[in-house]
Amino acid sequence: MKSGDVDVDEDWTLLDADFVEIRDLQFEHKTFRSKPSLRRRESHDGWIQETEYNGQPYDEAEFELIPNQWDHQHCSLCFAIIKDGLTYWANKDEVTILCDRCFTHYEDRIHAQKERESKPS
Ligand SMILES: [Zn+2]
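First things first, this report covers the structure right here in the doc. This is a predicted model, so every value here is computed, not measured. (Residues numbered from 1 in each chain as written. Predicted model: local features only at pLDDT ≥ 70, side-chain atom pairs only at ≥ 80, totals over all residues.)

## Quick notes on unusual backbone geometry
One can expect most non-glycine residues to show negative phi and most peptide bonds to be in trans.
Move 1: One non-glycine residue, asparagine 68, lies in positive phi territory at about 55°.
Move 2: Secondary-structure assignment places asparagine 68 in strand S4 (residues 63-70).
Move 3: Judged by the 11 C-beta atoms lying within 10 Å of it, asparagine 68 falls in the exposed class.
Move 4: Even without a glycine there, the phi angle at glutamate 94 is positive, about 55°.
Move 5: Judged by local crowding, glutamate 94 falls into the partly exposed class, with 15 C-beta atoms found within 10 Å. (Helix = DSSP H or I, 4+ residues; strand = E, 2+ residues; numbered from the N terminus. Buried ≥ 20, exposed ≤ 12 C-beta atoms within 10 Å, placed from the backbone.)

Set out below in structure tokens:
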């Protein structure tokens, strides 16, 4: 199923400013699946740090691994929620995540930009 809220009338001019900041346009289409998170065992100033777990090494004394806790992402542009089973687009190391709606909107510009970059200067 596609991600991104098609019922929202997006003001794309606001998102354009963020779009032009994206450096890596090598997007891959993926399907989001819930994954574990790492939760710090001790809170700091009343808030507990939590981060998505992608197999990185961690200190068990400091962090607790919680299965399926990381259950959604947000589109980097419109902040649409991308949940389990929804498709989305991500560049390397998922620095930027786009919902299907935003990717479709910017698709032509992404291709044009990639073409420009692939030409020898
Ligand atoms: Zn979006």
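Don't stop here, the text continues.
## Quick notes on the sheet that holds strand S2 (residues 35-40)
Move 1: Taken together, 3 strands build an open sheet; the order of strands is S3-S2-S4 and the sheet is antiparallel. Lying at the two open borders of the sheet, with one neighbouring strand each, are strand S3 (50-52) and S4. This sheet shows a mean twist of 30° between the axes of neighbouring strands, independent of strand direction. (Pairing = 2+ DSSP bridges. Axes fitted to C-alpha atoms, helices over the stretch in contact; angles between N-to-C directions.)

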